[in-house]
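Coordinate analysis (summary)
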Amino acid sequence: MSQKNQFIHKNTFLENKTNKTNKTNKTNKTNKTNKKSKSEKPIRLIFPALFLFVVLFLFLLAIPFALNTAGAAASDSYSTDLSGSAPQGGVLLIVDGMGSYYIYPELTAGTLTNETGNHALVKTLPRIWGDGYRISLMKSPHPVTELGHSTIVAGNTAADSEMVGYAGSTLMDVFADEGFLCIGVMQRGDFASMRQKFDLILYDETNSVNNMNFTIQRNDKGEGGGDGDNSTAEKAVRQKMIREIEVEFEKLKNNASSYVSSKDTGDKYAGYNRHALDAACAALSVMEKYPGQKFVIVISVGAVDSTGHYRGYYAYLDAVERLDKDMEKLFNQCKKNNFILAITADHGMSFETLDKKGGGHSSGKYAKTKEATNIPFIIWGPNVKSGVIDAAETGQEDITPTFLSLFGIGTAPRFSKGKVLPAKEKPTLTIEFSKPENVRILKDGTEIFTASGYAKYSISGLSPGNYKVMWTAQNEKYTQTECQIFMEKDTVLNATQYVQKSIFSKSGVDSSSESEPNPSGTDFGWNKTVFTNKYVVAALILLINLTGGVFAYRIYKK
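In this report, we go over the structure that sits alongside the text. Predicted, not measured: the structure shown is a model, and the values here were computed from it. (Residues numbered from 1 in each chain as written. Predicted model: local features only at pLDDT ≥ 70, side-chain atom pairs only at ≥ 80, totals over all residues. Heavy atoms only, no water.)

Looking now at the environment of D324. Tracing the backbone through its elements, the reader meets D324 in helix α11 (residues 313-337). Using a relative accessible area of 3% as the deciding quantity, one classes D324 as buried. Note: C-alpha distance between D324 and L121 (203 residues apart in sequence) is 8.9 Å. With near-sequence residues (within four places) excluded, D324 lies in contact with V122, K123, T124 and L125. A distance of 2.8 Å separates the side chain of D324 from the backbone nitrogen of L125, its partner in a polar contact. (Helix = DSSP H or I, 4+ residues; strand = E, 2+ residues; numbered from the N terminus. Buried < 20%, exposed > 50% of the residue type's maximum accessible area, 1.4 Å probe, protein only. Contact = heavy atoms within 4.5 Å. Polar contact = N/O pair within 3.5 Å; in protein donor to acceptor, adjacent residues only side chain to side chain.)

When we look at a pair of aromatic rings, we describe it by the centre distance and by the angle of the planes. One pass over the structure, following the stated rule, counts 23 aromatic pairs. Between Y316 and F351 the ring centres are 5.4 Å apart and the planes differ by 65°, which places this aromatic pair in the edge-to-face class. Of the two residues, Y316 sits in helix α11 while F351 sits in the loop between β8 (340-344) and α12 (364-367), which places them 35 residues apart along the sequence. A relative accessible area of 0% places F351 in the buried class. Ring centres of F403 and F407 lie 5.4 Å apart, and the angle between their planes is 80°; this geometry places the pair in the edge-to-face category. Under the relative-accessibility criterion, F407 is labelled buried at 12%. Each residue in the set Y78, F433, F449, Y454, Y457 and W471 is aromatic and connected to the rest through ring pairs, giving one cluster. Over the face of the ring belonging to Y467 we find K443, whose NZ or CZ atom lies 5.6 Å from the ring centre. (Phe/Tyr/Trp six-rings, centres within 6.5 Å; stacked < 30°, edge-to-face > 60°. Lys NZ or Arg CZ within 6 Å of the ring centre and 35° of its normal.)

This part is about the pairing of strand β3 (residues 133-139). Of all seven residues in β3, five are buried, a share of seventy percent or more. Taken together, the five bridges between β3 and strand β9 (residues 374-380) define a ladder with antiparallel strand orientation. When the sheet's bridge partners are listed, Y133 is paired in β9 with I379. Pairing of β3 with strand β10 (residues 388-395), which is carried by six bridges, proceeds in the parallel orientation. Looking across to β10, one finds that Y133 is bridged to V388. (Pairing = 2+ DSSP bridges.)

Remember, this is a structural readout, not a statement about activity or role.
Shown next as structure tokens:
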């Protein structure tokens, strides 16, 4: 073979070998690609399967929570009065500057120069506290008008006009949430944030006996009522009531000058106070026609304070006595209709001497005196203790929680630091849960109350004594928690502080176990031997988990 042919043959051989190699490599690469593609397909399917599994898991996990909380928003609290004497409404009368040392027989007022003073000759007030309850020693932390009124309505010694303006900060806010109509008649303490808390208020812009300027302010407070589901007819009736009271206030506003027309200074100051009392009585007359509507009226009369500042000790006693006489009409109207009447003051009054014109309560030499800081607190009404004089030392911040409790309301303003005083014959039990529960209450082995489906219960009219309170969570038929309580005054039972230990077996209750307080606030559990709805849900969740796991594993294997 020639050298040229040998070269051509060699090149052909190499070319064939190269083509064969390239073809093999290409085939191998294609096979690997196809193999990789086939192996990635089940992996891609795993992710949607896992996603579906997680969604199902979370959905089923939410079922027990949905069962426990269903209906909580729609029916969150329940109130009842077992005595059947729940009052329709009440009046809180704040007498600006009336100190308890001038009206309580067991206290004696003095002056800065150590002179011994006299008592005002009152007749109506002893009638009220003779059939009611009064505190002998109650102190105002700040003997100043604005701060005194703020402390009263907020139940907090640090309260001022700014705090009063916050949402939920006053007794009027609590009453409004409970469906009460809130009416104000104020000659003092009527700053802007206070006035905004009323549905309707009549007030004097000048706070002056000699230069009166009465104004009516109507506030749009939404639909009214605490449950938010008032019918159109109920809203219309509510607006009709407010309008009727507004008409009465218009008459008194236009006729105000006649109350202070006397040339006698004492008559003039007394007439100023009488104007506020008559306005309150007119509002009560309207409310008498609507027995289904709950209400509260807050009154502030200012002429006792003005008299003390400008006219001296003896004129001050005279102003208290004239007010006491004019108070009789208000008291009789409350008594006739079983309306609550509570009387207090923002601060007292102190005098340097018996003969000197003018006294004080807020400046340095007066502010720390017992005459300036001690105020009365007198209550009359259904379910109020009769003829009781409480000698405990109390504070002005206790007025609001105590006044609210007289209506069976266990809620206090959001910043309240006051306590409920034992003014009631039959106290109220408030039970608070984290979710709707079924409740039973027994006294001496007899069931006196049962209800279900609420997260908060307020039961008024309970006689003092020992009670057994039992509750079961909704949708848990065989578990129970119970505790023993002694009732002598209003009590709040925070049920989240108890761990469930009493167990319903299918044959009855295992009474050998008891509930115990749990400081950490752990929610209720359930015993492993008891079959409840939660176990059904748990088993269902486990079954779905296993099914989802098997499904994902089979896809992976394919």
